[in-house]
Structure formats: C-alpha cells, structure tokens
Amino acid sequence: MLAAATTSTHCPYCALQCGMNLRPAEDGGVDVVERTDFPVNRGALCGKGRTAPAVLSSQVRLTGPLIRRHATGGLEPATWEEALRAVADGLRRTRESYGPDGVGVFGGGGLTNEKAYTLGKFARLALGTSQIDYNGRFCMSSAAAAGIKAFGVDRGLPFPLEDIPRTGCVILVGSNLAETMPPALRYLTELKENGGRLIVIDPRRTRTAEQADLHIAPRPGTDLALALGLLHLVVAEGRVDEEFVESRTTGWADARAAAMSHWPTLVERITGVPVPQLREVVRMFCDAENGMVLTARGPEQQSKGTDTVGAWINLCLATGRAGRPLSGYGCLTGQGNGQGGREHGQKADQLPGYRKLDDPEARTHVAGVWGVDPDTLPGPGRSAYELLDALGQDVKALLVMASNPVVSAPRAAHIEERLKSLDFLAVADVVLSETAALADVVLPVTQWAEETGTMTNLEGRVLLRRRAITPPDGVRSDLEVMNALAGLLGWEKGFPTDPEEVFDELRRASAGGAADYSGISYRRITEEDGVFWPCPDPEHPGTPRLFLDRFATPDGLARFVPVTHRAAAEEPDDEYPVVLTTGRVVAQYQSGAQTRRVAELTAAAPGPFVELHPRLAERVGVAEGEPVAVVSRRGRAVAPARITATIRPDTVFMPFHWPGEGRANTLTNPALDPTSRMPEFKTCAVRLEPAGD
Ligand SMILES: Nc1nc2c(c(=O)[nH]1)N[C@H]1C(S)=C(S)[C@@H](COP(=O)(O)OP(=O)(O)OC[C@H]3O[C@@H](n4cnc5c(=O)[nH]c(N)nc54)[C@H](O)[C@@H]3O)O[C@H]1N2
Ligand SMILES: Nc1nc2c(c(=O)[nH]1)N[C@H]1C(S)=C(S)[C@@H](COP(=O)(O)OP(=O)(O)OC[C@H]3O[C@@H](n4cnc5c(=O)[nH]c(N)nc54)[C@H](O)[C@@H]3O)O[C@H]1N2
Ligand code: SF4
Ligand SMILES: [Mo]
C-alpha cells in the first residue's frame, strides 16, 4: 500500500509521459516511487525521470525574479511586482514604438496544454501580435505537415504503443528509442518475442539498432531516396496492395511514377545502402501480414523532412500498411507535451483545436469563445527560426516561455547575437538557462510536481499531471505570470490561473476542430488512463485508433504525395568533406538546462563529444579523448573525440545538450523545409582538425 500522501503523476520530460508516484520527502522535495498501473511504462523509468526531483531543489533552480537594472550590469534579485511591471512596460513600450508585431513570443512543447493554449491567447489578445512560434517547430513539424497532407490530421501515433508488439514488422527510421525513450524499448523487445521483425535505419549502429534484425546505415540526409527506392522495389516485385490502393487512397499514379525514377542502383549511390539490403527490407516488410513505419528526428530534421516523411507514408499506403488494425505510419513525438503543445495555438499559423488561423470559420469560433471580434485576431506569423532570426530587426522584444534557444537553435552563435540585440528580453523558466542569462527580466516558475495540468503524450493520450507538493514562496506558475501580465496590459479577465478552468475553456475552443478535446475532463482522465483525442463529447470513448474506417480527409481517402529525391542544402565538398549529424544521449535532456543540473546525470554524461569512425580519426590525426575541432560554414566547435566503428566513416555525430565551446548548434545549418520550416539539424558539411596543442 502506498502512503496516503502519495500522488500519481507523470514525468517532467519526454513524450512518453511515464507514470510515476511522488511522495513528499523530508527535505521539502519529493521521492519518486514506482507506479505500475500506468500502461505506457508499467513502472519503468529512465534515469532522467528517476532523478527529476533533483531540479526541485533550491540549490539549482530559480527562487525569485531577477532584473537587469543597468544595460551593462548583471541580473539582480527583484520583487514580483517590480519584475512583472518591468516585463509589461518593456512589452508595451516596444508595441508603442514598433507596433504589435514588434513584440514576439517563443513557447515550448514542454508546456502543459493549459499553458500552451493560454500563451497563444496571450500573444493574440493581450499583445495583439502575430509573432509567436515555439520550439516544436524544431521537433516533429515535418512529420506533422506530412501527416496532414496524407491523412488529413496530425496525431503522431494513430494507434497506442501497445499495438506495436502485435504487428509483423516495424521499420524504425532515425529513432534512437533505446536512449531517447528507454521504457518504450520493451515494445520492440516484445515485438521480436512475438516473432515480429525489426528494421532500424540510422547512420549509426545505436543501442536501438543493436536490437534490430536488420540495421541499415544510410548517409545522413538521404532517407528520401531510400524510401523511394524501396517503393520502386515494391512495385517492381509486385508487392503493391492494389485493393487497398484502389479503395482507400488517391494519387497513386503520380506517386508511383515519381518513385519509378529511383532505380535501386541509383539509390545505392545516393544512400550508400547496397541493393541487396534494399531488397531485404522490402522482403521483410511485405512478407509480414502487418507492418508499421515509425519515424523520429533522423529523417524529419532535414530541409526536405516533409517530403521524406511523405515518401515513408507512400510506402505504407502502397503496401496497405495503414488504415487498418496493427498497421500504419507513426511519428514518435519528442517533448513532454510535444503532441498537445502543437494543437492549441502557440504555433505561428494556428488556433486551438488544431485550427488554422487563416480560416474565417475557425477565427469566428475561437473569437466567440474568447469574447472578441474575429477581426481583431492577428494573422499567421513567422516560423521559429525565422522569428529568432528577425530579433533585433523587425521584432524588438521577446518573451520566452519554456525553451533555451541559445543552446538548441540552429546556427546558435548567430541566434545568440540576435537575442542580445533585442531592446527587451523576458524569460520565464525554472532554472537560469543560457537564454535566461541574457534576459532583462527572468521570471521563476513552478515545476511539474508543484502544479497541475494536462499533457498529451506521443499516442494522443490526454493525461493529468498532478501537483504533489507546494511550490516555494518565490515562484509563480506560468498561468499566474500570464494572468498578471495580461492584467497590467489591460486584460483583467480572460486569463484564469486555475488549470482546470483553463482546460474547460480549451475544451470549448477545441470543439469541432481536428484535435477535439470537448468530451475530455479532469475527472475522466483521473478515472481512466488518459483519454485519446478526438473526443467530441463526454459520452464518447475517445479514439485510441484512427483511420480504421476512413482517413480524416474530406473524401475519407489517404493521399499519396508525388515526391522525388533532392540533395541536402549543404553537401560535403573539398573544403568541408565530412557530414555532421546531431542528436541525443540517454542521460541528458534537450538543451540540458534541467538535466545538466542533476549530479547523477552529469556524472553519466559530463560533456559534449565528437563521435567518429577509427578510419576518419586516423585521417584527421586524433586519438580517443583528444580535442577535435569541427568546423562548418557557421562556426567552429571543439570537443573530445569518441572513436567507434559503429558510425559511418564519412559521418560524425555530436549531441547538442551543451553550451560553450562544444555546442553542436554553433555548426548546424538553418536551411528550412519549405513546408514545415524545420531546420536541417541532421545534416551539414564540416571539416575536422586536431585541436590539441
Ligand atoms: N535522453 C533524451 N531523451 C529524449 C530527449 C533528449 O534530449 N534526451 N529529447 C526528447 C525529444 S524532444 C525528442 S524530439 C526525441 C528525439 O528522439 P530521437 O529521434 O530518437 O533522437 P535523436 O538522437 O535526435 O535522433 C535519432 C537518431 O537519428 C539518427 N540520424 C541522424 N541523422 C539521420 C538521418 O539523416 N537519417 C536517419 N534515418 N537517421 C539519422 C541519429 O544517429 C540518432 O541515433 O527524444 C526525446 N527524448
Ligand atoms: N543540433 C540539434 N539541435 C536540436 C535538436 C537536434 O536533434 N539537434 N533537436 C531539436 C528539438 S527536437 C527540440 S524539441 C529542441 C528543444 O530545445 P529547447 O527548446 O531548448 O528545449 P529544452 O532544453 O527542453 O528547454 C526548455 C526550457 O524551458 C524550461 N522549462 C521546462 N519546463 C518549463 C515550464 O513548464 N515553464 C517554463 N516557463 N519553462 C520550463 C527548462 O528549464 C528549459 O530551460 O531542440 C532542438 N535542437
Ligand atoms: S522515458 Fe521520458 S517520460 Fe519516461 S522517465 Fe524517461 S524522460 Fe521521463
Ligand atoms: Mo523534440
């Protein structure tokens, strides 16, 4: 039996949203206690979740507001009254001088649904600006765009994780799940125990790839050619599910024609994957009765990410692996509320319920819920990188809530300069992140265990993350911050601080939209293990599995997209002959703002490194552990060499969790996908030099 004071809740970090129990600890924090009743993780946690309470400690977190009183001076303690007034004044002054679009807002996919919803409303009403976007643009936006094109709706996984072990074959494209969602590895293990096959596509032989029946290691940035080559073979070998294509899809003829120009030998040349391996993938995938393709950031974070995901979806559609039980395409969303955070209006072009800001009907509906004239709502704004790039030029003041772009944005040294060139920067965070350190005002906010709110996990399951302990005196919730700022800007009403009240408004705002939450309530998600959207009324059971009868397009048919391969924005050449790709390690989370403050995690992953193949290391002249400089057209980073034969010899890998000399994003290329505006985090051209003395 658990003690009465134990609270069932969820992890602060990734999109798995593992269930955990929290028990108040003697030091005022909480202890994590196993919670086996939540189906997604059944008690399992990774090291980040297990150690998350360490960030609640006043030793590492912010405990009161900070203000930079003199432009050249440092951040100094301030009262809440002074800090909030300074933010309201800074934003108002900018608006008066430059108009509403002179003020920008940058949100995060870690925010609860209530916060993300309120942030979008705050930007459009209290600030009247169109200039809002968020870090999810850097995450799954390409998969979202491709999903909407093909299926008419973007829900990362159209089926629960529990379906994975029961399908026949999974192609996992550019996901290192064993490190990025460790408790989810069991779904792949169970798949294999059930006789299913696992194919992993990753330029590195990761811990995830080690689990595969077949590991394919393409050159980074070539997944589009790879998927098209597989589709070519599906056609050539007579493995098209004609019946499915005929009855459930549209656009096959054009997509087929586009794929047929991708001959296996050509694809081998582009990707570096031998033709027999391509044939083996097709055989394994088509021999199984059911199949799934799951993508993560590998194929998505490319300047052609939308087309790339589209090509993988085409493969599913042509083989009938979609729209029926135990088959389909899914995207493994990343951030804690990566799914919900992209549905309710913190995106540049969006209104709650996954509505479009430029749709007159959507504007009327949401304006009705907000009690304003639809004509007062601004239009769509800029995407995340474009917004950051415009700082100091068109956008003169910025409010950041739940992101640390100094570390995580592409071409980060440039973005750091843009942030410094602002007239006014306010950051709401739980710690003094590298971005907060540049601010004029820092607002310290409550954390997961100290506040209640809903999160929508990677399955589309809306769940309740409950408050377990009382926050320290010096901090306020993001909802309280927005309420106070709105008040100072003349909006006494419309920005409630009680999360359940916000959620009930969100339900109404989302009603009738693609992501319809109107039948979901705090009571229901407490009694059930979360509820899957869409859930249009309180009697509706929710929708764990989408598309079984029809796709969410107007005619109910899935749409093939006719895509062809194109090169990365920056291919290797004589001057920059090596490909850099970037990603994660198990013990650090994102920009590291939180996890770098946890001793156990920092001991496990103390700093950046450059992973490279022994042959490349020899050519460069570096030995294990020696500093190596990685130079791109954007800048130079230095980190110790980590030499391993598990990576392609033409590719180096850097994790992006650290600031400073070893910051991977000093190097990355902000080339954007034309549809999703996703930057090309996963490939750019670099050269290597020994950096020892
Ligand atoms: N430990 C940890 N877990 C996390 C996070 C974290 O920061 N740390 N972040 C969370 C978030 S927000 C996200 S988005 C997810 C991300 O989860 P993942 O997508 O699993 O993480 P990444 O390491 O970015 O990329 C996955 C793999 O893509 C491979 N890759 C690189 N380039 C290419 C390519 O061109 N093609 C292909 N096919 N593969 C390529 C990399 O080698 C890497 O192994 O993780 C979530 N979980
Ligand atoms: N090179 C490279 N760069 C990448 C990627 C990559 O693969 N390679 N991946 C990209 C991806 S997928 C992502 S998602 C981004 C993520 O990059 P970031 O947006 O920088 O993500 P986090 O480090 O999670 O930043 C969240 C910040 O908000 C704070 N915070 C946490 N919870 C809350 C809250 O409730 N309220 C407030 N106000 N603050 C909070 C944290 O302390 C932290 O400072 O990075 C992207 N950058
Ligand atoms: S896998 Fe994700 S949700 Fe689960 S404990 Fe780790 S960080 Fe938290
Ligand atoms: Mo992400």
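The structure displayed is predicted, hence computed values, not measured ones.

This part takes up the nonpolar core. Residues Phe122, Ile171 and Trp312 are the most contacted members of the largest nonpolar core, which totals 174 residues. Discounting chain neighbours no more than four positions away, the residues touching Ile171 are Ile199, Ile201, Val281, Phe285, Met292, Val293, Leu294, Trp312 and Leu315. Judged by nonpolar contacts, the second largest core, of 25 residues, contains Leu66, Phe138, Leu391 and Ala436.

Moving on, we get to the sheet that holds strand S13 (residues 328-331). Taking strand neighbours across the sheet as the criterion, the 5 strands line up as S10-S9-S8-S12-S13 in an open arrangement whose pairing is parallel. What marks the edges here is a single partner per strand, and that holds for strand S10 (214-216) and S13. Along the sheet, successive strands turn relative to each other by an average axial angle of 15°, direction set aside. Here 4 bridges tie strand S12 (residues 291-295) to S13, and the two strands are oriented parallel to one another. For Met292, the partnering residue across the bridge sits in S13 and is Gly328.

Around ligand 3, the neighbouring residues are Cys11, Tyr13, Cys14, Leu16, Gln17, Cys18, Leu45, Cys46, Lys48, Gly49, Pro182 and Pro183. Class assignment of the residues belonging to the shell around ligand 3 gives a composition of 9 nonpolar, 2 polar and 1 charged.

With that settled, the discussion passes to the site of ligand 2. Taken together, 31 residues lie around ligand 2, and Asn135, Ser403, Ser408, Asp429 and Ser591 are the ones closest in. Here a nitrogen atom of ligand 2 and a side-chain polar atom of Arg584 are 3.1 Å apart. Relative to its unbound accessible area of 920 Å², ligand 2 is 96% covered by the protein chains.

Within the structure shown, the criterion is met by 43 salt bridges. Notably, a salt bridge pairs Arg283 with Glu280, separated by 2.9 Å at the nearest N-O pair. Here Arg283 and its partner Glu280 are both found in helix H11 (residues 275-287), 3 residues apart, which amounts to about one turn of the helix. Owing to a relative accessible area of 37%, Arg283 belongs among the partly exposed residues under this scheme. Since its relative accessible area comes to 26%, Glu280 is described here as partly exposed. With its nearest N and O atoms 2.8 Å apart, the salt bridge here joins Glu570 to Arg634. One end of the pair, Glu570, is in the loop between strand S22 (558-559) and strand S23 (578-583); the other, Arg634, is in the loop between strand S25 (627-631) and strand S26 (636-643), and 64 residues separate them in sequence.

With that settled, the discussion passes to the sheet that holds strand S20 (residues 461-465). The strand order across the open sheet built from 3 strands is S19-S20-S21, with neighbouring strands paired in antiparallel fashion. For this open sheet the edge positions go to strand S19 (453-456) and strand S21 (531-532), each flanked by a neighbour on one side alone. Of the strand pairs in this sheet, S19 and S20 are connected by 4 bridges, and their pairing is antiparallel. Counterpart to Thr456 in the pairing with S20 is Val462. Strands in contact with helix H3 (residues 113-127) are S19 and S20; relative to S19, the strand with the most contacts, it is inclined by about 95°.

In this section: the packing of helix H14 (residues 360-370) against helix H19 (residues 499-510). Between two packed helices, both the angle of their axes relative to each other and the distance between the axes serve to describe the pair. Here H14 crosses H19 at 155°, and the two axes come no closer than 9 Å. As the angle between them shows, H14 and H19 are arranged roughly antiparallel. Considering only the axes of H14 and H19, their crossing is right-handed. Residues His365, Val366, Val369 and Trp370 of H14 form the contact with H19, whose own contacting residues are Glu505, Arg508 and Ala509. In terms of residue class, the contact of H14 with H19 is built from 4 nonpolar, 1 polar and 2 charged.

Mapped onto the elements, Pro165 comes out in the loop between helix H4 (141-151) and strand S8 (169-173). Of the residues examined, Pro165 reaches a relative accessible area of 5% and is grouped as buried. When the C-alpha atoms of Pro165 and Leu326 are compared, they prove to be 9.0 Å apart, with 161 residues separating the residues in sequence. Among all residues touching Pro165, those that are not within four sequence positions of it are Tyr187, Glu190, Leu191 and Asn194.

The next thing to look at is H4. Here H4 lies mainly inside the structure; 9 of its 11 residues are buried. Those residues of H4 that sit buried are Ser141, Ser142, Ala143, Ala144, Ala145, Ala146, Gly147, Ala150 and Phe151. Those residues of H4 that are buried lie in contact with helix H12 (297-300), helix H13 (305-318), S13 and S22.

For the rest of this paragraph, the subject is the pairing of S12. Of all 5 residues making up S12, 5 are buried, and the element is well covered by its neighbours. Going residue by residue along S12, you find Gly291, Val293 and Thr295 tucked away on one face and Met292 and Leu294 tucked away on the opposite face as well.

Another aspect to go through is unusual backbone geometry. Note that the residue after Trp533, namely Pro534, is joined by a cis bond; omega there is -5°. Along the chain, Pro534 turns up in the loop between S21 and S22. A positive phi angle, close to 40°, is found at Arg42, a residue other than glycine. One non-glycine residue, Leu326, adopts positive backbone phi at about 65°. One can find Leu326 in the loop between H13 and S13. Residue class for Leu326 comes out buried when judged on its relative accessible area of 18%.

Now for the packing of aromatic side chains. Counted under the stated rule, the structure contains 12 aromatic pairs. Centre to centre, the rings of Phe106 and Phe138 are 6.4 Å apart; their planes meet at 45°, and the pair counts as tilted. Separated by 32 residues along the polypeptide, Phe106 in strand S6 (residues 103-107) and Phe138 in the loop between strand S7 (132-134) and H4 bring together distant segments of the chain. Here Phe106 falls in the buried class, since its relative accessible area comes to 0%. Relative to Trp370, the ring of Tyr117 lies with its centre 6.3 Å away and its plane at 70°, an arrangement referred to as edge-to-face.

Note that Ser303 resides in the loop between H12 and H13. Those residues in contact with Ser303 that lie beyond four places of it in its chain are Arg566, Ala569, Ala671, Leu672, Asp673, Pro674, Met678 and Glu680.

This next bit is on helix H6 (residues 185-193). For H6, the full list of buried residues reads Leu185, Arg186, Tyr187, Leu188 and Leu191. Buried-residue contacts for H6 involve S8, helix H5 (177-180) and strand S9 (197-201). Immediately beyond the C-terminal end of H6, within one or two residues, lies Gly195, with a positive phi of roughly 90°.

Cut-off values and rules
Position numbers for residues count from 1 along each chain, tracking the sequence in the order it is written. Chain A is the first chain written and ligand 1 is the first ligand written, with later ones labelled in order. In keeping with the model being predicted, local features are shown solely for residues with a pLDDT of at least 70 and side-chain atom pairs are shown and tallied solely at 80 or more, while totals for entire chains, interfaces and linings include all residues. Remark: hydrogens and water are excluded; side-chain values derive from all non-hydrogen atoms of the structure. The term nonpolar core refers to a set of buried residues drawn from Ala, Val, Leu, Ile, Met, Phe, Trp, Tyr and Cys, joined through side-chain atoms within 4.5 Å. Any residue under 20% of the maximum accessible area for its type is buried, any over 50% is exposed, and the rest in between are partly exposed; the area is computed with a 1.4 Å probe on protein chains only. Note on contacts: a residue pair is in contact if any heavy atoms of the two residues lie within 4.5 Å. Criterion used throughout: strands pair if DSSP finds at least two bridges between them. Strands are runs of DSSP state E lasting at least 2 residues, helices are runs of H or I lasting at least 4, and numbering of each runs from the N terminus. Think of each axis as a best-fit line through the C-alpha atoms, taken over the contacting stretch in the case of a helix, with angles from 0 to 180 degrees between the N-to-C directions. Whether a residue is near a molecule or strand depends on its heavy atoms: it is near if one of them lies within 4 Å of it. Polar here means any residue outside two lists: the nonpolar Ala, Val, Leu, Ile, Met, Phe, Trp, Tyr, Cys and Pro, and the charged Asp, Glu, Lys and Arg; Gly therefore counts as polar. N or O atoms closer than or at 3.5 Å make up a polar contact, with two conditions inside protein: a donor-capable atom paired with an acceptor-capable one, and, for residues adjacent in sequence, both atoms drawn from side chains. Here the Shrake-Rupley method, with its probe set to 1.4 Å, supplies the accessible areas, and only the displayed protein chains count as covering residues. One speaks of a salt bridge when a side-chain nitrogen belonging to Lys or Arg is within 4 Å of a carboxyl oxygen belonging to Asp or Glu. Relative orientations are named as follows: roughly parallel for angles under 35 degrees, roughly antiparallel for angles over 145 degrees, roughly perpendicular for angles from 65 to 115 degrees, and oblique for any other angle. Helix crossings are classified by the rotation of the near helix relative to the far one: an anticlockwise turn of less than a right angle makes the crossing left-handed, while a clockwise turn makes it right-handed. Two aromatic rings, drawn from Phe, Tyr or Trp (for Trp, its six-membered ring), form a pair once their centres lie within 6.5 Å of each other, and the interplanar angle then sorts them: stacked below 30 degrees, edge-to-face above 60, tilted otherwise.

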